[in-house]
Amino acid sequence: MESAFDNLDAAGFLEIWQHFDSDDNGYIEGKELDDFFRHMMEKLAPQDQVTEEKVQQLKQRFMSAYDDSADGRLQIQELANMILPEDENFLLVFRRETPLDNSVDFMKIWRKYDMDSSGYINAMELKSFLKDLFAQHKKDVPSSKLDEYIYAMIKTFDKNKDGRLDLNDLARILALQENFLLQFKMDASSQEDRKRDFEKIFSHYDVSKTGALEGPEVDGFVKDMMELVRPNITGPELDKLRAILLRHCDVNNDGKIQINELALCLGLKSKP
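The text that follows walks through the structure, step by step, so that each part is easy to find. Small disclaimer: the values here were computed from a predicted structure and weren't measured.

## Quick look at the overall build of the protein chain
- Each helix and strand in the protein chain was counted, giving 13 helices and two strands.
- Viewed in the frame of its principal axes, the protein chain has a C-alpha envelope of about 70 × 45 × 30 Å.
- Here the contacts in the protein chain between residues at least 6 apart in sequence split such that 57% fall between residues at least 24 apart.
- When the accessible area of the protein chain is evaluated, it comes to approximately 14600 Å², of which 50% is carbon and sulfur surface.
- Of note, the protein chain has its 36 positive side-chain charges centred 4 Å away from the centre of its 53 negative side-chain charges.

The following block contains the structure:
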């Protein structure tokens, strides 16, 4: 494997990713996965005859080792771990001991690096983000290499090609887990079921455990709630929707949404 990929750099890796993620959904899966492992087998053993049986055996072996999420498909970080030499694997800085499964944590990152509050992350803001990540990993990266990584990331993740990243681009980079609200039945029949679900939902977004949603907690709730009906909202759209929610639900105008305020806003009653 080393002989086939040891000269692979960030740009070359991202070309491979774009080629095999043919439907651009952020995963290599299904037929894409078979095509990738067929390509890998041709790279690893060009002298051997490639058969379907050998492709499936290779896929099973590598997926058992690298499919960290065990979902039968490859995320970009998993593919990087598989084929990038370690000194070129800039995506390692996005790996976490625990998955980024809370939109509140994601929005904290977004708000920190959207420094001009434009609703987008431009190249300079992305550079600050990467610098901080590399510093956390105690990894010294030359400025020229950092610029190469930024160019490669924007080229790969900037879907509308405007030279900057939006909310959904960064969510893909950070492998943000599935929308928390998808697990709930919004048409729960009984008042008791709706109340129980409401309390679980509020607790999930009330990361600070203060009994009120504020700052990124409101952002995370709005992002997930609105994406149930309109996927892939942008940063500017989120800001508008956040303002609307606060206007309707923040009864005491303190910039926060208390649990009783949100319950009232949603037509529920919270526990006293």
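That shown, we press on.
## Quick notes on the pattern of salt bridges
- All told, the structure shown has 16 salt bridges when counted by the stated rule.
- When the shortest N-O distance is used, the salt bridge between R73 and E29 registers 3.5 Å. Here E29 lies in the loop between α2 (10-20) and α3 (31-44) and R73 lies in the loop between α4 (52-66) and α5 (76-83), a separation of 44 residues in the sequence.
- Residue classification places R73 among the partly exposed residues on the basis of a relative accessible area of 24%.
- Among the ionic pairs, K31 bridges to D35, the shortest N-O distance being 2.9 Å. Taken together, the positions of K31 and D35, both in helix α3 and four residues apart, correspond to about one turn of that helix.
- Linked by salt bridges that have partners in common, K31, D35, R38 and E52 make up one network.

## A closer look at the environment of D158
- Tracing the backbone through its elements, the reader meets D158 in the loop between α8 (143-157) and α9 (167-173).
- Residues in contact with D158, not counting those within four places in the same chain, are M153, G163, R164, L165 and D169.
- A distance of 3.2 Å separates a polar side-chain atom of D158 from the backbone nitrogen of K161.

## Some thoughts on unusual backbone geometry
- Notably, S117 is not glycine yet its phi reads approximately 55°, a positive angle.
- On the secondary structure map, S117 appears in the loop between α6 (103-113) and α7 (123-136).
- Of note, the phi angle at N253 is positive, near 55°, even though the residue is not glycine.
- As for its position among the elements, N253 is in the loop between α12 (235-249) and β2 (257-258).

## Regarding the state of the cysteines
- A full pass over the atoms with the stated rule returns one disulfide.
- Covalent S-S linkage joins C249 and C265, the inter-sulfur distance amounting to 2.0 Å. The chirality of the disulfide connecting C249 with C265 is left-handed, given an S-S dihedral of about -65°. In this pair, C249 is assigned in helix α12 and C265 in helix α13 (residues 259-265), connecting sequence segments 16 residues apart.
- We classify C265 as partly exposed; its relative accessible area is 33%.

## What about the packing of α7 against α8?
- Relative to each other, α7 and α8 sit at 120°, their axes nearing to 10 Å. Of the possible angle classes, the one that applies to α7 and α8 is oblique. The two elements α7 and α8 meet at a crossing, and its hand is right-handed. Counted together, A123, L126, K127, L130, K131 and F134 of α7 and S143, L146, D147, Y149, I150, M153 and I154 of α8 form the full contact between these two elements.
- When the residues that make up the contact of α7 with α8 are grouped by side-chain class, the tally is nine nonpolar, one polar and three charged.

## Points about the side chain of N179
- Take N179: it is sitting in the loop between α9 and α10 (191-205).
- Judged by relative accessible area, which is 15%, N179 ranks as buried.
- A polar contact of 2.8 Å, which involves the side chain of N179, links it to the backbone oxygen of D224.
- With residues up to four places along the chain from it excluded, the contact list for N179 reads Y205, D224, E227 and L228.

Reading the values: the criteria
- Residues numbered from 1 in each chain as written.
- Predicted model: local features only at pLDDT ≥ 70, side-chain atom pairs only at ≥ 80, totals over all residues.
- Heavy atoms only, no water.
- Helix = DSSP H or I, 4+ residues; strand = E, 2+ residues; numbered from the N terminus.
- Contact = heavy atoms within 4.5 Å.
- Areas by Shrake-Rupley, 256 points an atom, 1.4 Å probe, with all protein chains shown as cover.
- Lys, Arg positive; Asp, Glu negative; His and termini not counted.
- Charge placed at Lys NZ, Arg CZ, Asp CG, Glu CD.
- Salt bridge = Lys/Arg side-chain N within 4 Å of Asp/Glu carboxyl O.
- Buried < 20%, exposed > 50% of the residue type's maximum accessible area, 1.4 Å probe, protein only.
- Polar contact = N/O pair within 3.5 Å; in protein donor to acceptor, adjacent residues only side chain to side chain.
- Disulfide = S-S within 2.5 Å.
- Axes fitted to C-alpha atoms, helices over the stretch in contact; angles between N-to-C directions.
- Parallel < 35°, antiparallel > 145°, perpendicular 65-115°, else oblique.
- Left-handed = near helix turned anticlockwise from the far one by under 90°.
- Nonpolar A, V, L, I, M, F, W, Y, C, P; charged D, E, K, R; others polar.

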